[in-house]
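Geometric and topological summary
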Amino acid sequence: MSSFLRPADAEEPSLTLLPDQAVYRPVSSHLAIAPPVSVVIPAMNEAENLPYVFKTLPDWIHEVILVDGNSTDDTVRVARDLWPDVTVVPQRGKGKGDALISGFAACTGEIIVMIDADGSADGGEIVSYVSALVSGADFAKGSRFANGGGTDDMTPVRKLGNRILTAVVNTKFGARYTDLCYGYNAFWRHCLDEIALDCAGFEVETLMNIRVVKAGLRVQEIPSHEYNRIHGVSNLRAVRDGLRVLRVILRERSSRHNRPARPALITGNAR
């Protein structure tokens, strides 16, 4: 993991320590990074939403990986028009987990960011995730319920279910999460070797959150605001998906492949 915290004042002596300034990407007025950042976007029939998603992505990212879930609209064409260098990965299987696993395999960056294609997430927040990673975290986990976060999308039933499932994971695995079922996360690519994803559905997000704790990886929650889906209808079903998440929790709890964990959460945030 290579990183460099660059001061805002260009006249400060520390800048002379850079071996080659061209390899660093300016991320903000106070930060430049060397690790290339890949953004993975699973999408199925999201042509109307992609303009909003791509508009918020920062121009310093290394690559965009769009995983197309056999869209019947113009999702792929729109993505290529908006981001000519986009890498399009056709999804062979089904489900969000399968799409993400396919996208992760296509990444060439050291840092991977996963973001939804429905316009509910703000790509401008990526800088907070990356800042947390280059500052020492292994996994930067978005949270709608950490201080500074929020959601316009969750119904009272989904909020209650998420709160209960979060409490179960915290109790059973020694985590300190404030949000469990949220798909806006970022991590160093080497983390994939530690968590060995094997889940095809929506519950992949919960699986990742559990396995990073079991692997003893350093996790930092990032306050994030979730907006309403802009176009189309969500495939989420509170009861059905809640039961699938619960099954993952129970399965992981019964697994004997637990490693001694370091603290599950780095306190504070990257903002």
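Described in the following lines is the structure provided in the data block. (Residues numbered from 1 in each chain as written. Predicted model: local features only at pLDDT ≥ 70, side-chain atom pairs only at ≥ 80, totals over all residues. Heavy atoms only, no water.)

This next bit is on the sheet that holds strand β10 (residues 219–223). Here we have 7 strands laid out as an open sheet, ordered β5-β4-β3-β6-β9-β7-β10, and mixed in their pairing. Two strands bound the open sheet, and with one partner strand each, they are β5 (87–90) and β10. On average, adjacent strands in this sheet sit at an angle of 20° to one another, irrespective of strand direction. Relative to strand β9 (residues 185–188), strand β6 (residues 111–114) is paired through 4 bridges, and the arrangement is antiparallel. Residue pairing across strands places methionine 114 opposite asparagine 185, the latter belonging to β9. In the packing of helix α2 (residues 75–82) onto the sheet, contacts are made with β3 (37–43), β4 (63–68) and β5, and the angle to β4 comes to roughly 170°. (Pairing = 2+ DSSP bridges. Helix = DSSP H or I, 4+ residues; strand = E, 2+ residues; numbered from the N terminus. Axes fitted to C-alpha atoms, helices over the stretch in contact; angles between N-to-C directions. Contact = heavy atoms within 4.5 Å.)

Its place among the elements puts cysteine 199 in the loop between α6 (191–195) and α7 (204–214). Separated by 98 residues in sequence, cysteine 199 and isoleucine 101 place their C-alpha atoms 8.7 Å apart. With sequence-adjacent residues up to four places away left out, cysteine 199 is seen in contact with Gly97, Asp98, Ile101, Val204 and Leu207.

Excluding glycine, residues mostly carry a negative phi; peptide bonds, for their part, are mostly trans. Positive phi, normally seen in glycine, also occurs at asparagine 70, with a value near 60°. Counting through the fold element by element, asparagine 70 comes out in the loop between β4 and α2.

Our next topic: the packing of aromatic side chains. Overall, the coordinates contain 5 aromatic pairs when judged by the stated rule. Geometrically, the ring pair formed by phenylalanine 104 and phenylalanine 187 is edge-to-face, given 5.3 Å between the ring centres and 85° between the ring planes. One end of the pair, phenylalanine 104, is in helix α3 (residues 96–106); the other, phenylalanine 187, is in strand β9, with 83 residues separating them in the sequence. Relative accessible area serves as the criterion here: at 0%, phenylalanine 187 is assigned to the buried category. Through a chain of ring-to-ring contacts, the aromatic side chains of Phe104, Phe139 and Phe187 assemble into a single cluster. Above the plane of the ring of tyrosine 177 lies lysine 141, whose end atom (NZ or CZ) is 5.2 Å from the centre. (Phe/Tyr/Trp six-rings, centres within 6.5 Å; stacked < 30°, edge-to-face > 60°. Buried < 20%, exposed > 50% of the residue type's maximum accessible area, 1.4 Å probe, protein only. Lys NZ or Arg CZ within 6 Å of the ring centre and 35° of its normal.)

As for its position among the elements, glutamate 110 is in the loop between α3 and β6. The sequence separation of glutamate 110 and histidine 190 amounts to 80 residues, and the corresponding C-alpha distance is 7.8 Å.

Next up on the list: the pairing of β10. Within β10, 5 of the 5 residues are buried, which leaves the element mostly enclosed by the surrounding structure. The two faces of β10 match: Val219, Glu221 and Pro223 on one face and Gln220 and Ile222 on the other face are all buried.

On to α7. Within α7, 11 of the 11 residues are buried, which leaves the element mostly enclosed by the surrounding structure. Those residues of α7 that sit buried are Val204, Glu205, Thr206, Leu207, Met208, Asn209, Ile210, Arg211, Val212, Val213 and Lys214. Backbone geometry just after α7 places glycine 216 at a positive phi near 75°.

We now examine the nonpolar core. Counting residues in each nonpolar core, the largest one holds 77 residues, and the members touching the most others are Ile41, Phe54, Leu57, Phe104, Phe187 and Met208. When neighbours within four sequence positions are excluded, isoleucine 41 is seen to be in contact with Val53, Phe54, Leu57, Val64, Ile65, Leu66, Val67, Ile115, Asp116 and Ala117. (Core = buried A, V, L, I, M, F, W, Y, C linked by side-chain atoms within 4.5 Å.)

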